[in-house]
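Coordinates in review
Chain by chain, the residues:
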Amino acid sequence: MTAPAVPDTHPPVKRSWYKENEIAVTPWLFLLPGILFFAFYVVIPIFQSFWISFHQWDGLGEKTWVGLGNYERLLGGDRKFEVSFWNNLKWLVLYLLAIPMGLFISLFLNQTVRGIRLYKSLFFFPFVISQVVVGLVFSWFYLPGDQGLLNNVVGVFGLGPYNILGSPDSATYGIIAAGLWPQTAYCMILYLTGLNAVDPEQVEAARLDGAKGHKMLWYVIIPQLKPATFIAFVVTIIGALRSFDFIAVMTNGGPFGSTRVLSFYMFEESLSEFGFRMGYGAAIAVVLFFIMLGFITYFLWSMYQDEKGAR
């Protein structure tokens, strides 16, 4: 005969709300400092820039509401804005050369040959040094006459001398060439990382089917490098649109304002010696923001469509 069950007289233990939702809440607690930092230093200033762009303001006194006045002036024939905008387009087109150059250098370095670590270090070196230092090095490289290395090299072949940074026709292209050096190194690192994740079974299957050379690269390797290519495109486009350091160091917007880009023109209007037109500078920043947003949205949408089609 079994003993009768003893009733449980202890009241049920009440668990706190956090204990019941610990798995869902804990990740957000770790993310909260980063979210607050991002909101305070990125999101809020973006909305502040929008608000300031509707005012005339010197940064110290009272703001004067002008509505769309700054944008009307900006798009109504501002010659400096036009030059800056077209120079940014040149930066965009030519800066994208860093992506294929980085890809081919990474293919060269993705080998097991003697001294390959030294080669990787040499190609990676431009990325780890400051852009200001790169700008100073190329300024010395472009020095006119027989002072610069460029003219000494081309002089051996009976060419030159060239004054790259002193000519309005060539100064922008000389600065872009300087910017391509570290940007190519960055793209190379992205692709080297991507090549380590390439499926060797797909490569072996393609070899059995007779694929080699450019066909292997185009149909087997590059499709598996889409994530690296996406990051390279986004970072390169953002780098081209916010190019400021090289211009400030190498030409300061000259000669005759021919190397201005939107970010540098924004600085001139807002903070330079003869500027302090914060509202107008904010309007330039808003235009630059929407150009960046358009490109990034396009690439995000393309990436989403590719992943959707692959399911």
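Please read all numbers here as calculations on a predicted model, not as lab measurements.

**A short note on the packing of aromatic side chains**
Geometry of an aromatic ring pair is reported as the spacing of the ring centres plus the angle between the planes. Under the counting rule described, the total for this entry stands at 24 aromatic pairs. An aromatic cluster is defined as three or more aromatic residues linked by ring pairs; in this entry it consists of Trp51, Phe54, Trp65 and Tyr71. The ring centre of Trp57 lies 4.3 Å from the NZ or CZ of Lys63, which sits over that ring. One Lys or Arg, Arg73, reaches over the ring of Tyr280 and ends 3.8 Å from the middle of that ring.

**Considerations on a nonpolar patch on the surface**
A cluster of nonpolar side chains, Val133, Val137, Trp140, Leu149, Val153, Val156, Phe157, Leu159 and Tyr162, forms an exposed patch at the surface whose accessible area comes to about 880 Å². Elements with a contribution of two residues or more to the nonpolar patch: helix H7 (131–141) and helix H8 (149–156). Here Val137 shows up in helix H7.

**Observations concerning the environment of Gln224**
Within the secondary structure layout, Gln224 lies in helix H11 (residues 214–224). Residue classification places Gln224 among the partly exposed residues on the basis of a relative accessible area of 22%. For the pair formed by Gln224 and Pro168, sequence separation is 56 residues and the distance between their alpha carbons is 42 Å. Not counting residues up to four positions away in its chain, the partners in contact with Gln224 are Ala197, Val198, Asp199 and Gln202.

**Let's talk about H8**
Here H8 has its buried residues at Leu150, Asn151 and Val154. Taken around the axis of H8, the buried residues stretch over an arc of 90°, which confines them to a single face. Looking at the packing, one finds that the buried side of H8 touches H7. Taken from the residues just after H8, Gly158 is the one with a positive phi, measuring 75°.

**What about the side chain of Ser53?**
Mapped onto the elements, Ser53 comes out in the loop between helix H2 (22–52) and strand E1 (55–56). We classify Ser53 as buried; its relative accessible area is 0%. Not counting chain neighbours up to four residues away, the residues in contact with Ser53 comprise Gly67, Asn70, Tyr71, Gly279, Ala282, Ala283 and Val286.

**Overview of the pattern of salt bridges**
Under the defined criterion, the tally for this structure stands at 4 salt bridges. The partner of Glu82 in a salt bridge is Arg79, and the shortest N-O contact between them spans 3.5 Å. With a gap of 3 residues between them, Glu82 and Arg79 both fall in helix H4 (residues 79–95), about one helical turn apart. Judged by relative accessible area, Arg79 falls into the exposed class, the value being 58%.

**Some thoughts on the confidence of the model for the chain**
Parts of the prediction with low pLDDT should not have their coordinates interpreted in detail. For the chain, the average pLDDT comes to 86, and 93% of its residues sit at 70 or higher. Taken element by element, the chain is modelled with least confidence in helix H1 (residues 17–20), mean pLDDT 65, and with most confidence in H4, mean pLDDT 93.

**Quick word on H11**
Every buried residue belonging to H11 is among Met216, Leu217, Val220 and Ile221, and all of these are buried. Across the axial projection of H11, the buried residues extend over an arc of 125°, all falling on one side. In H11, the exposed positions that point more than 90 degrees away from the buried face belong to His214, Trp218 and Tyr219. Next to the buried residues of H11 lie helix H5 (98–109), helix H9 (171–195) and helix H10 (200–208).

**Structural notes on the nonpolar core**
Judged by nonpolar contacts, the single largest core of 56 residues is most densely connected at Trp91, Ile221, Phe246 and Met250. Here this core takes 9 residues from helix H15 (residues 278–310), the largest share from any one element. Among all residues touching Phe246, those that are not within four sequence positions of it are Trp91, Tyr95, Gln131, Val134, Gly135, Ile175, Ala178, Gly179, Pro182 and Thr251. Ile105, Leu109, Met188 and Leu192 belong to the second largest nonpolar core, which has 5 residues in total.

Rules of the game
Residues numbered from 1 in each chain as written. Predicted model: local features only at pLDDT ≥ 70, side-chain atom pairs only at ≥ 80, totals over all residues. Heavy atoms only, no water. Phe/Tyr/Trp six-rings, centres within 6.5 Å; stacked < 30°, edge-to-face > 60°. Lys NZ or Arg CZ within 6 Å of the ring centre and 35° of its normal. Patch = residues over 30% accessible without salt bridge, like charges linked within 9 Å, V, L, I, M, F, W, Y side chains within 5 Å. Areas by Shrake-Rupley, 256 points an atom, 1.4 Å probe, with all protein chains shown as cover. Salt bridge = Lys/Arg side-chain N within 4 Å of Asp/Glu carboxyl O. Helix = DSSP H or I, 4+ residues; strand = E, 2+ residues; numbered from the N terminus. Buried < 20%, exposed > 50% of the residue type's maximum accessible area, 1.4 Å probe, protein only. Contact = heavy atoms within 4.5 Å. Arc of directions from axis to C-beta. pLDDT = per-residue confidence, 0-100. Core = buried A, V, L, I, M, F, W, Y, C linked by side-chain atoms within 4.5 Å.

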